[in-house]
Amino acid sequence: MKILVATELTQGTRSNDYNYCVPGELVWVQEPCDRDRRNPDGGCGCGRGFAGVASHRATTTAEVVEVGFSRDELIIAMRTSLADGGWPQDWASDVVDDNLTIASAFPAGTVIERRLEEFQARTA
Ligand SMILES: [Zn+2]
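Just so it is clear, the model here is predicted, and its values are computed rather than measured.

Along the chain, the position of Thr61 falls in the loop between β4 (58-59) and β5 (62-66). Sequence separation between Thr61 and Arg48 is 13 residues, and the spatial gap between their C-alpha atoms is 8.7 Å. Apart from the residues lying within four places of it in its own chain, the contact partners of Thr61 are Val5, Ala6, Thr7, Glu8, Leu9, Thr10, Gln11, Phe50, Val111, Ile112 and Arg122. At a separation of 2.6 Å, a polar atom in the side chain of Thr61 contacts the main-chain carbonyl oxygen of Thr7. A polar atom in the side chain of Thr61 sits 2.8 Å from the side chain of Gln11.

Moving on, we come to the coordination of the zinc ion. In the first shell of the zinc ion, the protein supplies Cys33 (SG), Cys44 (SG) and Cys46 (SG), at 2.1 Å from the metal. Mapped onto the sequence, the residues coordinating the zinc ion show the spacing C-x10-C-x1-C. Within this pair, whereas Cys33 is found in the loop between β2 (27-28) and β3 (50-52), its partner Cys46 is found in the loop between β2 and β3, the two being separated by 13 residues in sequence. Judged by relative accessible area, Cys46 falls into the buried class, the value being 18%.

At Thr10, a position not held by glycine, the phi torsion is positive, near 70°. Tracing the backbone through its elements, the reader meets Thr10 in the loop between β1 (2-6) and β2. For Thr10, a relative accessible area of 15% corresponds to the buried category. Positive phi, normally seen in glycine, also occurs at His56, with a value near 60°.

According to UniProt, the positions carrying the feature "domain: DUF7715" (unreviewed entry) are residues 1-123. Overall, residues 1-123 shows 23% helix and 22% strand. The separation of its end C-alpha atoms is 23 Å.

Now for the sheet that holds β5. Backbone hydrogen bonds are what pair the strands of a sheet, in a parallel or an antiparallel way. On the basis of which strands lie adjacent, the open sheet formed by four strands has the order β1-β5-β6-β7 and antiparallel pairing. Because the sheet does not close on itself, it has two edges, and the strands there are β1 and β7 (118-122). Adjacent strand axes in the sheet meet at a mean angle of 40° when their direction is disregarded.

On to the pairing of β7, then. By the bridge criterion, five bridges tie strand β6 (residues 111-115) to β7 in an arrangement that is antiparallel. The partner of Val111 across the bridge, within β7, is Arg122. Hairpin remark: β6 followed by β7, antiparallel, with two residues in the connecting loop; positive phi at Leu116, about 60°.

The strand order β2-β3-β4 describes an open sheet built from three strands, whose pairing is antiparallel. Each edge of the open sheet is held by one strand with a lone partner, namely β2 and β4.

Time to look at the environment of Ile102. With respect to the helices, strands and loops of the structure, Ile102 is situated in helix α2 (residues 92-104). Sequence spacing of Ile102 and Trp28 is 74 residues, and the spatial spacing of their C-alpha atoms is 10 Å. If near-sequence neighbours (up to four positions away) are discounted, Ile102 is found in contact with Leu4, Val29, Ile112 and Phe119.

A few words on the pattern of salt bridges. By the definition in use, this model includes eight salt bridges. Put simply, Arg14 and Glu113 hold a salt bridge, and the shortest N to O gap is 2.7 Å. With Arg14 in the loop between β1 and β2 and Glu113 in strand β6, this pair connects stretches of sequence that are 99 residues apart. With relative accessibility at 26%, the residue Arg14 sits in the partly exposed group. Measuring nitrogen to oxygen at the nearest pair gives 3.3 Å for the salt bridge that ties Asp34 to Arg37. Classification of Arg37 by relative accessible area gives partly exposed; the value is 36%. Beyond isolated ion pairs, a larger network of salt bridges with shared partners links Arg14, Asp17, Glu113 and Arg122.

Cut-offs and rules
Residues numbered from 1 in each chain as written. Predicted model: local features only at pLDDT ≥ 70, side-chain atom pairs only at ≥ 80, totals over all residues. Heavy atoms only, no water. Helix = DSSP H or I, 4+ residues; strand = E, 2+ residues; numbered from the N terminus. Contact = heavy atoms within 4.5 Å. Polar contact = N/O pair within 3.5 Å; in protein donor to acceptor, adjacent residues only side chain to side chain. Donors = N, O, S within 2.8 Å, 3.2 Å for Na, K, Ca; no water. Buried < 20%, exposed > 50% of the residue type's maximum accessible area, 1.4 Å probe, protein only. UniProt positions renumbered as here; feature names shortened; annotations may be inferred. Pairing = 2+ DSSP bridges. Axes fitted to C-alpha atoms, helices over the stretch in contact; angles between N-to-C directions. Salt bridge = Lys/Arg side-chain N within 4 Å of Asp/Glu carboxyl O.

Structure (structure tokens):
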């Protein structure tokens, strides 16, 4: 199964890249706030970000990796993270499925970036 995790790879390709995540942690996609809702290069940065489940911080770069976890195991991990972050735990299966859907569209090893609701490969 392929999942999206935080990576430092290709950081700096865009001048407004940032990475406060732990490399390799599972990420999820949050709704942009009002400030960045229509602008992935907005001042907040959430419209181009992925949120890390362990660090509770964010990055603009995620990598598709092949893992031996099951979807159920990911949901358990996500549920714990959402609870820690003060988010509703019943979001867990939806945000895991978002992650898996995005990851399934790219070969393992691809670094992707986010432009609001669009996800695209970066060339390394
Ligand atoms: Zn924001």
